[in-house]
Amino acid sequence: MIEMLQYDFMIRAFLAGIIIAVLAAISGSFIVLRRYSMITETLAHSALVGVAVGVIAGASPIWMAVVAALVSAWTIEYLRSNFQLYSDSVLAIILSGSLALAVIIVSLAGAFNSSLFSYLFGSILSVTEEDLVIMSVFGVIALALLGVFYKELYFIAYDEEVARTSGIKVDLLNFLLVSIVAVIIALSIRIVGTLLIGAMMVIPTVAALQFKQGFAKTIAIALLFSLLAVIVGMSSSYFFSLPSGATIVLTLLFIFIFSLVVNRR
């Protein structure tokens, strides 16, 4: 462990992993509780459209990813709220449409290169200090908003209709939540990867739910699992020369299986 931390790039990678672990576990808890888990995959693939446009246009892929993810999140919430469509149907439509659009953009431009490939599977070892600053700033803002509206978001997740009749601004807070998740995903895909960020948001909370504790304790357990997965996954990646993002997710899967076995007994 000490040997790894002798390298600056490993220190930055660990810091980035810890930041993502905290943001993914906390925001993911609200998403999972609402049975809205697939929105993470949908927004990740939507962000990939922004990355493709950014690579082709010579603009910043990460900021284009943020814009694409936000537009997708708002579209999903608008369709769900105003057209009485089932959530899973809306997510499936946006996910498949986004992926198809990204593939077509890349294919027409012939722009599938190593840079775009890194957004699919992540490149946590290439994190820069600028990346850490951006993630930290947006992370603090996201956690502050989740903290301020914690009770309302929990109430909405528990029963949206009762929350609405109680005077809570459900629509506004729903847009706020999906916006926070969209930004977190867009900022994380270059580090963890489009194909893996959804797992980091969902698996820790699902594993924590197996212990059947209150919501606050569930978030704490999910956060613990997420941090443990980053530490173990990054360490295993370093010592066995494995892809970091995939190793972290596999560690989360082992934690999930462990939680099932322990609680079944």
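About the thresholds
Residues numbered from 1 in each chain as written. Predicted model: local features only at pLDDT ≥ 70, side-chain atom pairs only at ≥ 80, totals over all residues. Heavy atoms only, no water. Helix = DSSP H or I, 4+ residues; strand = E, 2+ residues; numbered from the N terminus. Buried < 20%, exposed > 50% of the residue type's maximum accessible area, 1.4 Å probe, protein only. Salt bridge = Lys/Arg side-chain N within 4 Å of Asp/Glu carboxyl O. Expected span 1.5 Å × (residues − 1). Contact = heavy atoms within 4.5 Å.

A. Main features of the environment of Leu 85. Among the structural elements, Leu 85 can be located in the loop between α3 (61-82) and α4 (87-109). A relative accessible area of 39% places Leu 85 in the partly exposed class. Leu 85 sits 24 residues away from Pro 61 along the chain, and the two C-alpha atoms are 31 Å apart.

B. Spatial organisation of the pattern of salt bridges. One pass over the structure, following the stated rule, counts six salt bridges. Close ionic contact of Glu 160 with Arg 34 constitutes a salt bridge, the shortest N to O distance being 3.3 Å. Within this pair, whereas Glu 160 is found in helix α8 (residues 160-165), its partner Arg 34 is found in the loop between α1 (8-33) and α2 (39-57), the two being separated by 126 residues in sequence. Glu 160 gets classed as buried once you look at its relative accessible area, which sits at 18%.

C. Examining helix α11 (residues 215-240) more closely. The first and last C-alpha atoms of α11 sit 37 Å apart over 26 residues, in line with the 38 Å expected at 1.5 Å per residue. Once α11 ends, the next one or two residues include Ser 241, with phi positive near 55°.

D. Looking closely at the side chain of Thr 251. Its place among the elements puts Thr 251 in helix α12 (residues 244-264). Classification of Thr 251 by relative accessible area gives buried; the value is 12%. What Thr 251 contacts, discounting residues up to four positions off in sequence, is Ala 229, Val 232 and Gly 233.

Scope: geometric values only; no functional claims are made or implied.
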